Amino acid sequence: MLKRGGNMTEATENPFASLHYSNVYLTILALFCFKLFIKISLNCLSYFYIIRGNRKEAARISAEFYDFGQGHRSWADRSPLHDAACQGRLFALRNLLLQGHNVNVVTIDHVSPLHEACFGDHVACARALIAAGANVNITTIDGVTPLFNACSVGSVSCAEVLLENGAKPEALVFQPSPIHEASSKGSSECVETLVRWGADVDFEIPHLGTPLYTACVSQEIECVRRLLREGANVQKGIYMESPLHAAAEKDCTAIVKLLLDFGADINARNMEFQRPVEAAPPSSLTEGFLLVYEATPQPLSQLCRQRIRDCVGRDRFHLINHLPLPNTLKNYLQYR
Ligand SMILES: *[C@@H]1O[C@H](CO)[C@@H](O)[C@H](O)[C@H]1NC(C)=O
């Protein structure tokens, strides 16, 4: 009886207990599923948030997912012509063109094969593409032209080929500007080429300022020298901030010296009403240099040179060579 009673208690307890435990398991399972659901939704959300409205990013992500190991710049929709131009394979490029591939084919970002050839500094490919009718003024969705790409990598030869074939040397105001790009990347030869083909040396962009200012911010002294020799206005920077302010802030004494040689105003004030000497880092070399410069009278020759250059005017600098003056003087006037 006792044994049976024990059995009975077990029998009455067991169904209850298993029911209790299965409830707990169900709850845990439900919680787990719920957490998983939240996690997946969050991932999806962040993924679409990242790529929303950003086609370039979308293209990059899709390229990463679907285009394994084909180089770092492989968009999902690149053509064989893009690949050949990017890698500078002239023979393959010519064959593709002979087979009738469209020379102006673009990716979703509107990158053309000519963009690729210029970015890779492949001048022979650029020539072949242009000969086959590539549009030299074509822009990507970001407003980048092949000329901008050439300046970005300092490819003077590509820039020359583009300009010879009618590329416009200057961008619109709110588009990436080749001369600013060349100035910030330190490609003084590209700067010279652009100016020779008619780019305005003082082309001002609201958020970047002048090319000279860009070169000072990037501390590219060769570009600063080239721009000044081409007649860039030494005072023009961005809003009230002069190139001298930028060079002083960067503590770049060599550029500060160069700007002063070209007549930069040491007393110009920026938006914070600071003079260049006040914009320089405290007790820096540049601050010391400017303090000494302020206290030293300028040589008469330097003052005369500036006066004469002002009288001649930027548009006539190239005529200085024809003045009936000794060569030493002509060179001095041209900072040679
Ligand atoms: C490129 O654009 C410039 C300025 O808009 C124009 O003068 C030139 O003819 C264009 N070049 C070609 C090849 O279309």
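Residues numbered from 1 in each chain as written. Predicted model: local features only at pLDDT ≥ 70, side-chain atom pairs only at ≥ 80, totals over all residues.

### Let's talk about helix α10 (residues 188–196)
Each α-helix winds once per 3.6 residues, and so residues spaced three or four apart point in a common direction. Those residues of α10 that sit buried are Ser188, Cys190, Val191, Thr193, Leu194 and Val195. Its buried side turned inward, α10 meets α7 (146–152), α8 (156–164), α9 (178–185) and α12 (221–229). Looking one or two residues beyond α10, the residue adopting positive phi is Gly198, at roughly 105°. (Buried ≥ 20, exposed ≤ 12 C-beta atoms within 10 Å, placed from the backbone. Helix = DSSP H or I, 4+ residues; strand = E, 2+ residues; numbered from the N terminus. Contact = placed C-beta atoms within 7 Å.)

### What to know about the site of the ligand
Surveying the vicinity of the ligand reveals the residues Val136, Asn137, Gly166 and Lys168. Per-class residue counts for the shell around the ligand are 1 nonpolar, 2 polar and 1 charged. (Near = placed C-beta within 6 Å. Nonpolar A, V, L, I, M, F, W, Y, C, P; charged D, E, K, R; others polar.)

### With respect to the nonpolar core
Among the nonpolar cores identified, the biggest contains 67 residues, and Ala126, Leu129 and Leu259 are the most heavily contacted of them. Residues lining this core come from more than one domain, with at least three contributed by each of domain 1 (76–165) and domain 2 (169–296). (Core = buried A, V, L, I, M, F, W, Y, C linked by C-beta atoms within 7 Å. Domains from an automatic or database assignment.)

### Side note on the environment of Val201
Structurally, Val201 can be placed in the loop between α10 and α11 (211–217). For Val201, a count of 21 C-beta atoms within 10 Å translates into the label buried. Between the C-alpha atoms of Val201 and Pro211, which are 10 residues apart in sequence, the distance is 7.0 Å. In contact with Val201, not counting residues within four places along its chain, are Val195, Pro211, Leu227, Glu230, Gly231 and Ala232.

### Considering unusual backbone geometry
Located in the positive-phi region is His110, a residue other than glycine, with phi close to 65°. Relative to the helices and strands, His110 is located in the loop between α4 (90–98) and α5 (113–119). We classify His110 as partly exposed; it has 14 C-beta atoms within 10 Å. Within the chain, Phe273 stands out as a residue other than glycine whose phi angle is a positive 65°.

### Side note on the packing of helix α3 (residues 80–87) against α4
Helices that pack against each other are described as a pair by the angle of their axes relative to one another and the distance between those axes. Orientation of α3 relative to α4, taken along the N-to-C sense of each, is 155°, at an axis distance of 8 Å. It follows that α3 is roughly antiparallel to α4 by the angle criterion. The hand of the α3/α4 crossing is left-handed. Every residue of α4 that contacts α3 at Pro80, Leu81, Ala84 and Ala85 is listed here: Ala92, Leu93 and Leu96. Tallied by class, the residues present in the contact of α3 with α4 amount to 7 nonpolar, no polar and no charged. (Axes fitted to C-alpha atoms, helices over the stretch in contact; angles between N-to-C directions. Parallel < 35°, antiparallel > 145°, perpendicular 65-115°, else oblique. Left-handed = near helix turned anticlockwise from the far one by under 90°.)

### Observations concerning the UniProt feature "repeat: ANK" (unreviewed entry) in the protein chain
Feature annotation in UniProt assigns "repeat: ANK" (unreviewed entry) to the following positions: residues 76–108, 109–141, 142–167, 174–202 and 239–271. Helix makes up 48% of residues 109–141 and strand 0%. Its end C-alpha atoms lie 5 Å apart. Between the end C-alpha atoms of residues 142–167 there is a gap of 17 Å, over a span that is 62% helix and 0% strand. (UniProt positions renumbered as here; feature names shortened; annotations may be inferred.)

### Side note on the confidence of the model for the protein chain
Interpretation of the predicted coordinates at a detailed level should be avoided for regions scoring low in pLDDT. Summarising the model, the protein chain shows a mean pLDDT of 86, and 84% of its residues fall at 70 or more. Of the regions scoring below 50 in pLDDT, residues 1–12 engages in 0 contacts with residues more than four places distant in sequence or in other chains. Low pLDDT, under 50, characterises residues 62–74; the stretch is placed with 8 contacts to residues that sit more than four places away or in other chains. (pLDDT = per-residue confidence, 0-100.)

### Here we look at the environment of His122
As for its placement among the helices and strands, His122 is situated in the loop between α5 and α6 (123–131). Residue classification places His122 among the buried positions, given that 24 C-beta atoms sit within 10 Å. Along the backbone, His122 and Ser155 are 33 residues apart, and their C-alpha atoms lie at a distance of 8.7 Å. For His122, the contacting residues outside a window of four places in its chain are Ala85, Gly88 and Ala117.

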